[in-house]
Amino acid sequence: MDEEGFLRRAIALSREKMLAGEGGPFGAVVVKDGVIVGEGWNRVTSGKDPTAHAEIEAIRAAARKLGDHVLKGCVLYTSCEPCPMCLAAAYWARLDRFVYANGHADAAAIGFDDSFLYGEIAKPIDARTMPSRRLLADEARAVFDEWAAKQDRIHY
């Protein structure tokens with residue numbers, strides 16, 4: 001299968017699972033060495049999970065199948081340009097790259113507008129819409145210090 005074939009699989013998942021009532025019109029696959037190692041589709045409403053986006057689901061499936069949290073050598077094919085959460089997940093997974101069909105403007109046109117989130121991320125923390133408050137920094141820092149000294153930690 002070529003790149004268009006992998007992207008067509010992601011698009012097919014988006015349609016199939018949307019029509020089955022599993023969530024919004026989004027699908028994704030993770031590919032390594034020309035083989036699909038993870039598939040995902042939007043399960044936000046059916047799974048009652050706001051993080052169950054297609055890309056997140058596909059990344060989780062690939063990591064389980066490959067037995068590793070690092071997905072170097074893998075490519076994400078997704079029916080729509082990843083939202084900020086999914087884009088961050090792709091970076092955390094260390095994917096080589098991603099390929100997408102619909103753009104974020106296409107998603108916004110049908111009610112999935114991520115521009116607010118992109119704007120919030122760019123603001124200083126005290127200027128964001130969601131209030132936050134920092135507490136117990138010293139106690140939490142002690143755990144970080146223990147992590148930094150831990151000889152058997154797994155880096156990621």
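Residues numbered from 1 in each chain as written. Predicted model: local features only at pLDDT ≥ 70, side-chain atom pairs only at ≥ 80, totals over all residues. Heavy atoms only, no water.

**Section: the sheet that holds strand E3 (residues 74-80)**
Argument step 1. Read from one edge of the open sheet, four strands run E2-E1-E3-E4, paired in mixed fashion. The sheet is open, and its two edges are formed by strand E2 (35-41) and strand E4 (97-102), each paired on a single side. Averaged over all adjacent pairs, the angle separating strand axes in this sheet is 15 degrees, with direction ignored.
Argument step 2. Helix H2 (residues 54-66) rests against strand E1 (27-32), E2 and E3 of the sheet, and its axis sits at about 140 degrees to E2. (Pairing = 2+ DSSP bridges. Helix = DSSP H or I, 4+ residues; strand = E, 2+ residues; numbered from the N terminus. Axes fitted to C-alpha atoms, helices over the stretch in contact; angles between N-to-C directions. Contact = heavy atoms within 4.5 Å.)

**Let's talk about the pattern of salt bridges**
Argument step 1. Taken as a whole and judged by the stated rule, the model has nine salt bridges.
Argument step 2. Between Glu16 and Lys17 there is a salt bridge; the shortest N-O distance is 3.5 Å.
Argument step 3. Residue Glu16 is classed as partly exposed on the basis of its relative accessible area, which comes to 41%.
Argument step 4. Assessed through its relative accessible area of 15%, Lys17 is described here as buried.
Argument step 5. Ionic pairing is found between Glu57 and Arg43, a salt bridge with its closest N-O pair at 3.0 Å. (Salt bridge = Lys/Arg side-chain N within 4 Å of Asp/Glu carboxyl O. Buried < 20%, exposed > 50% of the residue type's maximum accessible area, 1.4 Å probe, protein only.)

**Focus on unusual backbone geometry**
If a residue is not glycine, its phi is most likely negative; likewise, a peptide bond is most likely trans.
Argument step 1. The phi dihedral of Asp33 falls on the positive side, at around 50 degrees, and the residue is not glycine.
Argument step 2. Structurally, Asp33 can be placed in the loop between E1 and E2.
Argument step 3. Asp33 gets classed as exposed once you look at its relative accessible area, which sits at 69%.
Argument step 4. Non-glycine residue Arg94 carries a positive phi angle of around 65 degrees.
Argument step 5. Of note, Arg94 is situated in the loop between helix H3 (84-92) and E4.
Argument step 6. Owing to a relative accessible area of 31%, Arg94 belongs among the partly exposed residues under this scheme.

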